[in-house]
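A structural walkthrough
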Amino acid sequence: MTSTPATPSTESPDGTSAAKAMQAVAAAAPRADQQILLTGVTGFLGQAVLQSLLENFPRVRVTVLVRPKGTQTGRKRLEGLLRKPVFTSWADRSSAEAVKAAFDERVDVLEGDLTDMPAIEQRIDTVIHSASSVSFDPPIDEAFRTNVGGARNLYEALLASGQDPHVIHVSTAYVGGISKGVRQEGALTHSVDWRAEHDAALAARERVEAESRKPETLRSQMLAARVRDGKMGPKAVAAAAEDLRTTWVHDRLVDYGRTRAQSVGWTDIYTFTKAMAERVAEDLWAGTGHRLSVVRPSIIESAVRRPYPGWIDGYKVADPLIMAYGRGMLPEFPGLADSILDIIPVDFVVNVIVALATQEVERRGDDAYFQVVSGQTNPLPFHEMVTAVRGYFVENPLEGEDGEPIIVPEWDFPAVEMVDVRFRLKEIATRAGQLAVSRLPATRRTREWTTQLHRNASGLETLRKYTELYRQYTKTEMVFDDANTRALRTELPEGFLAGGTSADGVAGAVEGVDRASLDFDIAGLDWLAYFRELHLPAVTELTKAYSRRKATLDKRANRAAPPMTEGSDILAVFDLDGTVISANVVQQYVSVMRASRPKAAWPAEIGNLLGALPGYLRAEHRDRSEFIRAVNRRYKGFREAEVRELMSGDLGRRIRASIRPEALEVIERHRAAGHRTVLVTGALDVLVQPLAELFDEVVATHMDVDADGVMTGFLATPPLVDEARANWLRKYAGRVGASLQKSYGYGDSLPDAAWLELVGTPAAVSPDLGLYSIAKKKRWAILEW
């Protein structure tokens, strides 16, 4: 039998009746027509605030700020919340009809966004501003536009409305920046000008965009693009170079934000912009005589009681770190074992906000800053959290990709410098391994190595990100005071914390209602029970759900063969070399040479060919069409009629016999489904003559011949490879009335990615490492033939 995380009981010891309790707190009930404006309703905290207001305070009406998305109105987006667990759990306690009625009757939508704030025309008594970007490392302009510019727009709209609502501004306990010792509640003391910082942040993008277009920057990006995607064609290189440029801009702006925040004493751009947003609220709202309350939660995690025990909506701040540990990805971490990890369940934060919004407790100035935290009243040392997490995963291990339980490490909390050195050595070793494998031929084994090395590199990149983002939170020497929050609890009207609500919306001790559902006293919470029985099962289930979705997608991508849809408007497009047959154009030439030349001439020809191979490899590395041209030069002097005769004899039979059995089976399945089968290859048309009967259309390269029927070694037209094949395929599909979205494609090498991405069902057949990486990323089918 499991225990429940403990919180103090608020039940009346003398068994006060519901009727007496309601009379005792009648004065504490919100006014019958109280109007609340809520921002951030689609976020983790905003969802829970709306649910609590609707379930516990039937007299309250809520207007939510929701932006339309595409063709979906703000109202439709809001109604989508009804399908989420935060509201379905309420429906389980009540009924789906009651929840829907509360939405329809008591929730209004103000369509818009904080970055483009609409006018506030309806009466508003209270504002709960919980919207913000919660990412620790967004580009500096995005962080300021949302967190600071959004707050400014909200307060300017409130001032323009001429109203005087009580504003509850949700911030973060870490808003004070990097420091040591007790962090008291109250306004921040700093001299940073939020207006100047906001303007500079928005101007940063223009400066960085200009930097990204400098010749020296573009040259390095073009070079990297050619190395990576040169085989796919010039358009692919240009697109890749532009992608690299935009990534460079993003990373540069992230660095701008992180560095600027740290230069003025904050841990990251998130806490910095939240501090600036507080100053916006103080200057524009409190500074003009209006009432302002600031709520500063620490690290918000899953609920203890409401909307239901363990409720969480996606990973929160500590969860990626926890789950990386559970997956065995964190053998060590640069944290201080005895630092205080300040975590607060989401319903405790909601209850403080709801109490401030619905109860008349008059606090102003520094007394109106409420740190909703645990570190002062119920501290959780980092090593105790790690012990709880390790114990849970020892008893409930996650499964690795091999189906075996993952053994989690035991941390010894090494010095930060030691962890950084170990990470650096692992990164160097992984990059060296990737470079070595990239030089090897594409085989099943090297593809497995590529996958493993990519996984290792991604894991190390994630670990690097975690250590950079979280080290300030796991080695902090700050302790957050919550004196104002504890005082608020004692000042609430009698009966408010004794239970839920009556049918009239009066907070009080009502029979059948969880009497602690509105409480926020953190003192009695059992952290070990909270982690082992509520939080860790919740985030583990999120991880398992993600893993199940990923496994389903991977299974679809790696199925033996794509399922067939019948139709005459569907193409099945096949590459030849390495796909339908395993031979390449060099091997094809050797076969023709041996069939047409006397044995005495073979050694000299093969020796010459071996001498040319390095040049062929360099050409193939640069451009597939250059490689095909270079090899086909060797046919100079062959008579076309003789080659065709060879193809109609034993050599042609050997080529037909070399067709991969899996390819033959798939071709036949496509033909049976009524699809138009098409072979497109850079090989010479005379060489694919033996395969013509398998396809409805064969498109190959033709070589010029002179008046005597002798091949010149020069191609009549450029070979259809990489993006040239893509352009041809678009035109061909239009000409025959085929749907590319319904069509199928089969290729084996990186240049094939240029046209495979056009079809609805692409497949990488025994791919080279370049195509393999793209297929894994895009979840294309990967077939081993």
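What follows is about the overall build of the protein chain. Within the protein chain, the regular secondary structure consists of 26 helices and 19 strands. In the protein chain, the share of contacts with a sequence separation of at least 24, taken over all contacts with a separation of at least 6, comes to 77%. Here the protein chain has roughly 34700 Å² of accessible surface; of this, 52% comes from carbon and sulfur atoms.

Let us now look at the sheet that holds strand β12 (residues 571-574). Taken in spatial order, the six strands of this open sheet run β14-β13-β12-β17-β18-β19, and their pairing is parallel. The open sheet has two edge strands with one neighbour each: β14 (697-701) and β19 (781-783). Adjacent strand axes in the sheet meet at a mean angle of 20°, parallel and antiparallel pairs treated alike. Of the strand pairs in this sheet, strand β18 (residues 761-765) and β19 are connected by three bridges, and their pairing is parallel. Looking at β19, one finds that Ala-763 is bridged to Ala-781.

Across soluble globular proteins, nonpolar side chains show a tendency to be buried alongside one another. Judged by nonpolar contacts, the single largest core of 92 residues is most densely connected at Leu-50 and Phe-531. Dropping the residues within four chain positions of it, Phe-531 is found in contact with Ile-322, Ile-343, Leu-380, Met-385, Ala-388, Leu-536 and Pro-537. Phe-144, Val-208, Val-249 and Ala-261 belong to the second largest nonpolar core, which has 42 residues in total.

Moving on: a nonpolar patch on the surface. Among the surface-exposed residues, Val-421, Leu-425 and Ile-428 lie close enough to one another that they form a single nonpolar patch of about 270 Å² accessible area. Of note, Ile-428 is situated in helix α14 (residues 416-438).

Moving on, we get to the sheet that holds strand β5 (residues 166-170). Two orientations exist for strands paired in a sheet by backbone hydrogen bonds: parallel and antiparallel. Spatially, seven strands are ordered β3-β2-β1-β4-β5-β7-β10 in an open sheet, and the strand pairing comes out parallel. What marks the edges here is a single partner per strand, and that holds for β3 (107-111) and β10 (369-372). With strand direction ignored, the average angle separating the axes of adjacent strands in the sheet is 20°. Of the pairings in the sheet, the one linking strand β1 (residues 35-39) to strand β2 (residues 61-66) comprises four bridges and is parallel in character. Bridge assignment links Gln-35 to a residue of β2, and that residue is Arg-61.

This part takes up the side chain of Arg-245. Along the chain, the position of Arg-245 falls in helix α9 (residues 234-263). Only 2.8 Å separates the side chain of Arg-245 from the side chain of Glu-209, close enough to count as a polar contact. With residues near it in sequence (within four places) discarded, Arg-245 still touches Glu-209, Ser-212, Arg-213, Leu-218 and Gln-221.

Scanning the model with the defined rule gives six cavities of 30 Å³ or more in all. Quantified by volume, the largest cavity comes out at close to 90 Å³. Along the walls of the largest cavity sit Ala-48, Gln-51, Ser-52, Glu-55, Asn-56, Arg-306, Pro-307, Asp-347, Val-350, Asn-351, Ser-517 and Leu-518, which together make up its complete lining. For the lining of the largest cavity, the secondary structure elements donating two or more residues are α2 (44-56) and α12 (346-358). In terms of residues, the lining of the largest cavity owes the most to one element, α2, which gives five residues. Residues belonging to the lining of the largest cavity are distributed by class as follows: four nonpolar, five polar and three charged.

With that settled, the discussion passes to the environment of Tyr-744. By the secondary structure assignment, Tyr-744 is in strand β17 (residues 744-747). Owing to a relative accessible area of 2%, Tyr-744 belongs among the buried residues under this scheme. Residues Tyr-744 and Val-573, 171 residues apart in the sequence, show an inter-C-alpha distance of 6.2 Å. Polar side-chain contacts of Tyr-744 include one of 3.0 Å to the backbone nitrogen of Thr-565.

Now for the packing of aromatic side chains. Taken as a whole, this structure holds 18 aromatic pairs when the rule is applied. Arranged with centres 5.6 Å apart and planes meeting at 85°, the rings of Trp-527 and Tyr-530 form a pair that is edge-to-face. Taken as a pair, Trp-527 and Tyr-530 lie in helix α17 (residues 527-557) at a separation of three residues, close to a single helical turn. With 5.3 Å between their ring centres and 90° between their planes, Tyr-589 and Tyr-635 make a pair best called edge-to-face. Within this pair, whereas Tyr-589 is found in helix α18 (residues 585-596), its partner Tyr-635 is found in the loop between α20 (624-632) and α21 (640-647), the two being separated by 46 residues in sequence. The burial state of Tyr-589 is the same as that of Tyr-635; both residues are buried. Three or more aromatic residues joined by ring pairs make a cluster, and in this case those are Phe-574, Phe-695, Tyr-746 and Trp-785.

For the rest of this paragraph, the subject is the confidence of the model for the protein chain. Any region with low pLDDT has predicted coordinates that should not be read closely. Of the residues in the protein chain, 86% have a pLDDT of 70 or more, and the chain-wide mean is 84. Confidence over residues 7-30 falls short of pLDDT 50; this stretch has 42 contacts with residues more than four positions distant or in other chains. Taken together, the stretch residues 499-513 has pLDDT below 50 and engages in 49 contacts with residues farther than four places along the chain or on a different chain.

What follows covers helix α10 (residues 269-284). For α10, which comprises 16 residues, the first-to-last C-alpha distance of 22 Å matches the rise-based estimate of 22 Å (1.5 Å per residue) to within 8%. Most of α10 is tucked away, with 15 of its 16 residues classed as buried. Regarding α10, its N-cap is Asp-268, as a side-chain oxygen of that residue lies 3.2 Å from the backbone nitrogen of Tyr-270 further along.

A few words now on the environment of Leu-576. Structurally, the position occupied by Leu-576 is in the loop between β12 and α18. Residues Leu-576 and Leu-691, spaced 115 residues apart in sequence, show a C-alpha to C-alpha distance of 9.9 Å. Aside from chain neighbours lying at most four places away, what touches Leu-576 is Ile-581, Gln-588, Leu-679, Val-680, Thr-681, Ala-683, Val-688 and Leu-691.

Here the focus is α21. When we look at burial in α21, the residues that qualify are Glu-640, Val-643 and Met-647. For α21, the arc enclosing every buried residue in end-on projection is 65°, short of the 170-degree limit, so these residues lie on one face. The exposed set on the far side of α21, more than 90 degrees from its buried face, consists of Ala-641 and Glu-645. If you follow the buried residues of α21, they end up packed against α18, α22 (650-657), β15 (703-705) and β16 (711-715).

Attention shifts here to the packing of α2 against helix α5 (residues 96-106). The contact between α2 and α5 brings their axes to 10 Å, and the two run at 95°. The angle between the axes of α2 and α5 places the two elements in the roughly perpendicular class. Contact residues: α2 offers Leu-50, Leu-53 and Leu-54, while α5 offers Ala-102, Phe-103 and Arg-106. Within the contact of α2 with α5, the residues separate by chemical class into five nonpolar, no polar and one charged.

On to the packing of helix α19 (residues 602-622) against α20. Relative to each other, α19 and α20 sit at 150°, their axes nearing to 5 Å. Comparing the axis directions of α19 and α20 gives the class roughly antiparallel. Contacts between α19 and α20 involve Tyr-616, Ala-619, Glu-620 and Arg-622 on the former and, on the latter, Arg-624, Glu-626, Phe-627, Ala-630 and Val-631. Across the contact of α19 with α20, the residue classes tally to five nonpolar, no polar and four charged.

Thresholds applied
Residues numbered from 1 in each chain as written. Predicted model: local features only at pLDDT ≥ 70, side-chain atom pairs only at ≥ 80, totals over all residues. Heavy atoms only, no water. Helix = DSSP H or I, 4+ residues; strand = E, 2+ residues; numbered from the N terminus. Contact = heavy atoms within 4.5 Å. Areas by Shrake-Rupley, 256 points an atom, 1.4 Å probe, with all protein chains shown as cover. Pairing = 2+ DSSP bridges. Axes fitted to C-alpha atoms, helices over the stretch in contact; angles between N-to-C directions. Core = buried A, V, L, I, M, F, W, Y, C linked by side-chain atoms within 4.5 Å. Buried < 20%, exposed > 50% of the residue type's maximum accessible area, 1.4 Å probe, protein only. Patch = residues over 30% accessible without salt bridge, like charges linked within 9 Å, V, L, I, M, F, W, Y side chains within 5 Å. Salt bridge = Lys/Arg side-chain N within 4 Å of Asp/Glu carboxyl O. Polar contact = N/O pair within 3.5 Å; in protein donor to acceptor, adjacent residues only side chain to side chain. 1 Å grid on protein atoms, 1.4 Å probe; cavity = no way out; pocket = protein on both sides within 12 Å on 5 of 7 lines; lining within 4 Å. Points joined across faces, edges and corners; volume = space filled by probe spheres on them. Nonpolar A, V, L, I, M, F, W, Y, C, P; charged D, E, K, R; others polar. Phe/Tyr/Trp six-rings, centres within 6.5 Å; stacked < 30°, edge-to-face > 60°. pLDDT = per-residue confidence, 0-100. Expected span 1.5 Å × (residues − 1). Arc of directions from axis to C-beta. Parallel < 35°, antiparallel > 145°, perpendicular 65-115°, else oblique.

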